[in-house]
Amino acid sequence: MNQNKLFKQTRLRLALWYALVMALILSLCGFGIYRAISHAHWMTLDRELESVAGTLHDSIELKLQQPGELEPVIQQLLPNICVVDKSCIQEQLSSKRHILSAINQGNYYVRFFDNSGRLIAIAGTYPEGLPVAFNKELWQTLKDSKGHFYHQISFVLHTQENRDWGYIQVGRSLADFNSYLVAVKLILALGLPMVMALVGVASWWLAGLAMQPIYRSYRQIQQFTADAAHELRTPLAATQATVESALLMPQIDEIEARDILQTLQRQNQRLTTLVTDLLLLTRLDRQPMPMPRDICCLDDIVNDLIEEFAALAIASDVTLTSSVRVSTSLDIIGNADQLYRLFSNLIINAIQYTPKGGKITVCLDRSDHYAVIQVQDTGIGIPQHDLTRIFDRFYRVNSDRSRSTGGSGLGLAIAQAIVLAYHGSIDVQSEFGKGSTFTIKLPFDVRPLDSVRSIYPFKILYRRSHQ
């Protein structure tokens, strides 16, 4: 397939389109995953910050007495608290409580404001360059002078007498959050090209896999066209040569004219048969509207064919017989013309390739759901390497199975097409030099024969007329 420029270009285009579509889908999925991770991490950060701030707020609010004044007991909760305009000494911090442990992680800071919005004190790791202007918004995201981002929450503080004391702000650095998102971006940025490389390889393989049936059909059509042209050229060339020879003769007597006409008739008959076979195969391939079907008795069809080809068998010096291995007649729903064509092709094929003194037997049998027909011959047989191709159109096995025996090379192809139209099967077993056996299985109607005959009473008359 890769040697064919058209299919190679088509495969490449399919692979590229598949890769581009997958790249778009993966990019959108990657962006969605990044947004989902960012949102989930942000929500987790908010819940953590709200939990720490809420716990700290509830613990401090119980100690406040005068608005705007920090009680000494607060220093026990926040040992590193620093009042504005006073010198502060950093103390070794304890991690006995959850609040202190959270504040001491290095990411948190706490700020206290009075009711007028003036900064009173700070605790924790207070970043330099952070705006000190108070904002009453519940949530804020700030940036310091170095470009680092912080996220904070604000609560109102009340005294023990429920008077407004001021405000508390608890914030934390977003450095770890940003680092996590940068890592996610890096993973997605590096992972997407690697995945796209795998997608490119997979798309090339899948495009080739998807085009294999199309390429096989294309090759079959090419081969079929070449074979049909070759088969048509032979009788046309013979006809042309005959006509040209006749035109070169100065005079043609009656005997010569009759010979010329007989030659033209044979070539025309060969063309007619070839065209008829091609049209039949085309109809079977297209699966048109089903032909009229009725009850067909296989016993009668086989007996008729044995009688019809008896003369041909005698002329070829072979014995043609039938063997019925069932006690009742084999009836199936089908088209009689197609079944006659199916069995006649196999019988003619057997007669043509069976040497003088050979024997051909047509056997009738049945299984649970199928009528079984076998055509056995003691002919020249088929080599093992040709068994898989004998049903190809125009295919002829080398050696004795050649054009010298006549036919168009479509007989077995037509037989297989008819069997497949009946949802049956056809198999062949052959030993080169000893003979071949073609086995056909056709599904038959499982209804009782009496009910079938009541629907098709004319078949009873047909049988009686042949008894």
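As named in an unreviewed UniProt entry, the protein is histidine kinase, taken from Nostoc cycadae WK-1. For the protein, the Function (unreviewed entry) comment in UniProt is given as "Photoreceptor which exists in two forms that are reversibly interconvertible by light: the R form that absorbs maximally in the red region of the spectrum and the FR form that absorbs maximally in the far-red region." Its UniProt record gives the protein a comment under Catalytic activity (unreviewed entry), which states: "ATP + protein L-histidine = ADP + protein N-phospho-L-histidine."

Asks: What is the right way to read the overall build of the protein from this model?
Replies: Looking only at helices and strands, the protein has 11 helices and 13 strands in total. Residue burial in the protein is summarised as follows: out of 467 residues, 38% are buried. Counting contacts in the protein only where the partners sit at least 6 residues apart, residues at least 24 apart contribute 66% of the total. For the protein, the accessible surface area stands at approximately 27,600 Å², while carbon and sulfur atoms represent 57% of it.

Asks: Honestly, the pairing of strand β11 (residues 370–377) in this entry has me stumped. Any pointers?
Replies: Working note: regular strand, side chains alternate between the two faces of the sheet. Of all the eight residues making up β11, six are buried; the element is thus mostly covered by neighbouring parts of the structure. Pairing geometry for strand β10 (residues 359–366) and β11, over seven bridges, is antiparallel. Looking across to β11, one finds that Val 362 is bridged to Val 375. Hairpin connection, β10 to β11: the antiparallel pair is bridged by three residues. Two elements, β11 and strand β13 (residues 435–443), share eight bridges in a ladder whose sense is antiparallel. Along β13, the bridge assignment pairs Gln 376 with Thr 437.

Asks: What is the right way to look at the environment of Leu 188 in this model?
Replies: Tracing the chain through its elements places Leu 188 in helix α4 (residues 175–248). C-alpha separation for the pair Leu 188 and Ser 27, spaced 161 residues apart in sequence, amounts to 9.2 Å. Setting aside residues up to four positions removed in sequence, Leu 188 forms contacts with Gly 30, Tyr 34 and Pro 193.

Asks: Sorry, what's going on with the UniProt feature "transmembrane region" (unreviewed entry) in the protein here?
Replies: Within this structure's numbering, the places UniProt gives as "transmembrane region" (unreviewed entry) are residues 15–37 and 182–207. For residues 15–37, helix accounts for 100% and strand for 0%, while the C-alpha atoms at its two ends are 32 Å apart. Between the C-alpha atoms that bound residues 182–207 there is a distance of 36 Å. The span itself is 100% helix and 0% strand.

Asks: Looking at this structure, how should I read the sheet that holds β11?
Replies: Where strands meet in a sheet, backbone hydrogen bonds hold them as pairs that are either parallel or antiparallel. The five strands are arranged β8-β10-β11-β13-β12 in an open sheet whose pairing can be described as mixed. The open sheet has two edge strands with one neighbour each: β8 (319–324) and β12 (425–431). When the angles between neighbouring strand axes are averaged without regard to direction, this sheet yields 15°. Each of β8, β10 and β11 touches helix α6 (residues 298–308); the most contacted strand, β8, lies at about 170° to it.

Asks: What's the story with the sheet that holds strand β5 (residues 149–158) in this structure? I'm lost.
Replies: Ordered by their spatial adjacency, six strands build an open sheet running β1-β3-β2-β6-β5-β4, and the pairing between neighbours is antiparallel. Two strands lie at the open edges of the sheet, namely β1 (82–83) and β4 (139–143), each paired on one side alone. Two elements, β5 and strand β6 (residues 164–173), share nine bridges in a ladder whose sense is antiparallel. Considered in β6, the bridge of His 151 is made with Arg 172. Relative to the sheet, helix α1 (residues 5–61) contacts β2 (108–114), β4, β5 and β6, its axis offset from that of β5 by approximately 30°.

Asks: Please clarify how the environment of Pro 79 should be interpreted in this entry.
Replies: With respect to the helices and strands, the residue Pro 79 is situated in the loop between α2 (74–77) and β1. Pro 79 sits 45 residues away from Gly 124 along the chain, and the two C-alpha atoms are 9.1 Å apart.

Asks: How should I be thinking about the packing of helix α8 (residues 336–352) against helix α9 (residues 411–421) in this particular structure?
Replies: Pairs of packed helices are described in terms of their axes, by the angle between the two and the distance that separates them. α9 packs onto α8 with a crossing angle of 145° between their chain directions and a minimal axis gap of 9 Å. Relative to α9, the crossing made by α8 is left-handed. Contacts from Gln 338, Arg 341, Leu 342, Asn 345, Leu 346 and Asn 349 of α8 reach α9 at Gly 411, Leu 412, Ile 414, Ala 415, Ile 418 and Val 419. For the contact of α8 with α9, the residue count by class is seven nonpolar, four polar and one charged.

Asks: What am I meant to see in a negative patch on the surface here?
Replies: A cluster of acidic residues, Asp 253, Glu 254, Glu 256 and Asp 259, forms a negative patch on the protein surface. Secondary-structure assignment places Glu 254 in helix α5 (residues 254–286). The class for Glu 254 is exposed, based on a relative accessible area of 63%.

Asks: Could you clarify how one ought to interpret the pattern of salt bridges in this entry?
Replies: It is possible for side chains bearing opposite charge to pair when their charged atoms get close. Applying the stated criterion across every chain, the model contains five salt bridges. The partner of Asp 114 in a salt bridge is Arg 118, with the nearest N and O atoms 3.3 Å apart. A salt bridge links Arg 163 to Glu 161; the nearest nitrogen and oxygen atoms lie 3.6 Å apart. Each of Glu 48, Arg 172 and Asp 176 takes part in one network of salt bridges that share partners.

Asks: Is there a simple way to explain the nonpolar core in this structure?
Replies: Taken as a class, soluble globular proteins show a tendency for nonpolar side chains to be buried jointly. The biggest cluster of nonpolar side chains holds 51 residues, and the ones touching the most others in it are Leu 298, Leu 339, Leu 342, Phe 343, Ile 373, Ile 440 and Leu 442. Every element with two or more residues in this core is listed here: α5, α6, α8, β10, β11, α9, β12 and β13. Once residues within four sequence positions are removed from consideration, Leu 339 is found in contact with Cys 296, Leu 298, Ile 301, Ile 332, Tyr 422 and Leu 442.

Asks: Quick question: what am I supposed to make of the packing of α6 against α8 here?
Replies: Interhelical geometry of α6 versus α8 gives an angle of 45° and a closest axis separation of 10 Å. By the angle class used here, α6 and α8 are oblique. With respect to the hand of their crossing, α6 and α8 are arranged in right-handed fashion. Packed against α6, whose contacting residues are Leu 298, Asp 300, Ile 301, Asp 304 and Leu 305, the element α8 presents Leu 339, Tyr 340, Phe 343, Ser 344 and Ile 347 at the interface. Tallied by class, residues from the contact of α6 with α8 come to seven nonpolar, one polar and two charged.

Asks: Whenever I open this one, α6 confuses me. Can you help?
Replies: Turn by turn, an α-helix covers 3.6 residues, leaving residues three or four places apart pointing in a common direction. Within α6, eight of the 11 residues are buried, which leaves the element mostly enclosed by the surrounding structure. Residues of α6 that are buried: Leu 298, Asp 299, Asp 300, Ile 301, Val 302, Asp 304, Leu 305 and Ile 306.

Reading the values: the criteria
- Residues numbered from 1 in each chain as written.
- Predicted model: local features only at pLDDT ≥ 70, side-chain atom pairs only at ≥ 80, totals over all residues.
- Heavy atoms only, no water.
- UniProt positions renumbered as here; feature names shortened; annotations may be inferred.
- Helix = DSSP H or I, 4+ residues; strand = E, 2+ residues; numbered from the N terminus.
- Buried < 20%, exposed > 50% of the residue type's maximum accessible area, 1.4 Å probe, protein only.
- Contact = heavy atoms within 4.5 Å.
- Areas by Shrake-Rupley, 256 points an atom, 1.4 Å probe, with all protein chains shown as cover.
- Pairing = 2+ DSSP bridges.
- Axes fitted to C-alpha atoms, helices over the stretch in contact; angles between N-to-C directions.
- Left-handed = near helix turned anticlockwise from the far one by under 90°.
- Nonpolar A, V, L, I, M, F, W, Y, C, P; charged D, E, K, R; others polar.
- Patch = residues over 30% accessible without salt bridge, like charges linked within 9 Å, V, L, I, M, F, W, Y side chains within 5 Å.
- Salt bridge = Lys/Arg side-chain N within 4 Å of Asp/Glu carboxyl O.
- Lys, Arg positive; Asp, Glu negative; His and termini not counted.
- Charge placed at Lys NZ, Arg CZ, Asp CG, Glu CD.
- Core = buried A, V, L, I, M, F, W, Y, C linked by side-chain atoms within 4.5 Å.
- Parallel < 35°, antiparallel > 145°, perpendicular 65-115°, else oblique.

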